Amino acid sequence: MIDVQSSWGMETNCRLCFRKNYAKYEFFRNPLHFFPEHMVSVSNVMNGNESESQLIQTFLSSSSYPEVHGYLHVKEQGKKSWKKLYYVLRRSGLYFSTKGTSKEPRHLQYFCDFSNNDPYMLVSGKKIYGAPTNYGFCLKPNKAGGTKDLKLLCADDEQSRTCWVTAIRLFKHGIQLYQNYSRPYSNKSVCSALTPSPKRSVSENSLVAMDFSGHEGRVIESSAEALSVAVEERLAWRRKSCLRLSSPNSPTGSQCLTPSTAIHMLQPWFHHKISREEAQNLITQQGIIDGVFLLRDSQSNPNAFVLSLCHGQKIKHFQIIPLEEDGEIFYTLDDGNTRFADLIQLVEFYQLNKGVLPCRLKHNCIKIAL
């Protein structure tokens, strides 16, 4: 980063942008998602419910010798061509086999170690370097040498690339990464032990739902009616918000035709007029973990929307269909079984309930890709 910044002139309009990566420590929570069985070999046998913790300890402990193996494409030095070879990643470094998939010492040739190299994901490697796929990564020397010393590699899919890069990070910075991951949890446990949980006051416990729609106020004793009134008040507030958006001075006034078609426009999870491929790139950039999502306009149906959601290392797309009933517009993901007055209500529901989705909505993508 310092090398890049040092090349900027005094009058240039350059800036550094940082983006949250939701998958930064995800391999500590779900290691089996990052290390497929067919790519990883460990020295000890794992079984039962302890397999995940044992897998992490295997990578962190210097006395164990895990191994990652599989095919990678490598860019040949001084050439534009790429060559597919069988690679083996060990604690001592990265090697490639000179004879098929053989791991015999006489067939393994040294490629590089990690004491003086750091792993980085490639952005647009297929376009810039002519890589066979877009799942590229590189090993960059710590010394200043420009791009000529880069070792460019390319995997066949995102899961394979994630496995290789994660394993290299663990071999190089494993203990430090685990301490960084554990520190917030240890601080929380200390704070919770020192700080007693807040208690509700007597006045808070005596609060009741009230209805002031008539000439006199009355206490709502039915919990179902109280919930219905709360929902109605929330919808009324949203309609007022949309009326403010639809004022002549509002930048989105021309788009705010009805409350349900405008209230979502300023939400951070909504991306106006982006394609399916752009949505997938945004989610990939912010972490391929369960629950990362965004909403966008549908390209096939101008009146509909699409929920793009990551689950199981894959990005899935669900169409949100508008339904009209008694002059009111509703939105649904499940053919009308569950209906919502606007997209905010839909997102809030699926943040709390999985419903027909493979997982709950957890992390929304930022509006602009940095």
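Note: the structure precedes this text.
Because the structure is predicted, anything quoted here is derived from the model rather than measured.

**So, the packing of aromatic side chains**
So, step 1. All told, the structure shown has 18 aromatic pairs when counted by the stated rule.
So, step 2. Pairing Phe-28 with Tyr-178 gives two aromatic rings, centres 5.2 Å apart and planes at 70°, and the pair type is edge-to-face. Here the residue Phe-28 occupies a position in helix H2 (residues 26–29), and Tyr-178 occupies one in helix H6 (residues 158–194), the gap between them amounting to 150 residues.
So, step 3. Assessed through its relative accessible area of 10%, Phe-28 is described here as buried.
So, step 4. Arranged with centres 6.1 Å apart and planes meeting at 75°, the rings of Tyr-95 and Tyr-110 form a pair that is edge-to-face. With Tyr-95 in strand S4 (residues 93–97) and Tyr-110 in strand S5 (residues 108–112), this pair connects stretches of sequence that are 15 residues apart.
So, step 5. Assessed through its relative accessible area of 45%, Tyr-110 is described here as partly exposed.
So, step 6. An aromatic cluster of at least three residues, connected via ring pairs, comprises Tyr-25, Phe-27, Phe-28, Phe-34, Tyr-178 and Tyr-181.
So, step 7. Here the guanidinium or amino end of Lys-84 rests over the ring plane of Tyr-71, the centre of that ring lying 5.5 Å away.

**Observations concerning the pairing of strand S3 (residues 82–90)**
So, step 1. Of the pairings in the sheet, the one linking strand S2 (residues 67–75) to S3 comprises 8 bridges and is antiparallel in character. By the bridge assignment, His-69 is partnered in S3 with Val-88.
So, step 2. Counting the residues between successive antiparallel strands, the hairpin from S2 to S3 contains 6 residues, one of them, Gly-78, with a positive phi of roughly 75°.
So, step 3. As paired elements, S3 and S4 share 4 bridges and run antiparallel to each other. For Tyr-87, the partnering residue across the bridge sits in S4 and is Phe-96.
So, step 4. Taken together, S3 and the strand that follows it, S4, pair antiparallel across an intervening segment of 2 residues.

**Looking at the nonpolar core**
So, step 1. Judged by nonpolar contacts, the single largest core of 35 residues is most densely connected at Tyr-87 and Leu-94.
So, step 2. Of all the secondary structure elements, the ones that give two or more residues to this core are H2, helix H4 (51–60), S2, S3, S4, S5, strand S7 (136–141) and H6.
So, step 3. Considering every element that reaches this core, the biggest residue donor is H6, with 9 residues.
So, step 4. Residues in contact with Tyr-87, not counting those within four places in the same chain, are Val-68, His-69, Gly-70, Leu-72, Val-74, Leu-94, Tyr-95, Phe-96, Phe-111, Leu-153 and Trp-164.
So, step 5. Of all hydrophobic cores here, the second largest spans 21 residues; its members include Leu-333, Phe-340, Ile-344 and Tyr-350.

**Remarks on empty space enclosed by the protein**
So, step 1. Applying the stated criterion to the full structure yields 1 cavity of 30 Å³ or more.
So, step 2. Looking at the largest cavity, its volume works out to about 40 Å³.
So, step 3. Considering only residue class, the lining of the largest cavity consists of 3 nonpolar, 3 polar and 2 charged.

**A look at helix H11 (residues 343–352)**
So, step 1. Within H11, burial applies to Leu-343, Ile-344, Gln-345, Leu-346, Val-347 and Tyr-350.
So, step 2. For H11, the capping residue at the N-terminal end is Asp-342, with a side-chain oxygen 3.1 Å from the backbone nitrogen of Ile-344.

Criteria and cut-off values
- Residues numbered from 1 in each chain as written.
- Predicted model: local features only at pLDDT ≥ 70, side-chain atom pairs only at ≥ 80, totals over all residues.
- Heavy atoms only, no water.
- Phe/Tyr/Trp six-rings, centres within 6.5 Å; stacked < 30°, edge-to-face > 60°.
- Helix = DSSP H or I, 4+ residues; strand = E, 2+ residues; numbered from the N terminus.
- Buried < 20%, exposed > 50% of the residue type's maximum accessible area, 1.4 Å probe, protein only.
- Lys NZ or Arg CZ within 6 Å of the ring centre and 35° of its normal.
- Pairing = 2+ DSSP bridges.
- Core = buried A, V, L, I, M, F, W, Y, C linked by side-chain atoms within 4.5 Å.
- Contact = heavy atoms within 4.5 Å.
- 1 Å grid on protein atoms, 1.4 Å probe; cavity = no way out; pocket = protein on both sides within 12 Å on 5 of 7 lines; lining within 4 Å.
- Points joined across faces, edges and corners; volume = space filled by probe spheres on them.
- Nonpolar A, V, L, I, M, F, W, Y, C, P; charged D, E, K, R; others polar.
- Polar contact = N/O pair within 3.5 Å; in protein donor to acceptor, adjacent residues only side chain to side chain.

So, to be careful, I would describe these as geometric facts and stop short of saying anything about function.
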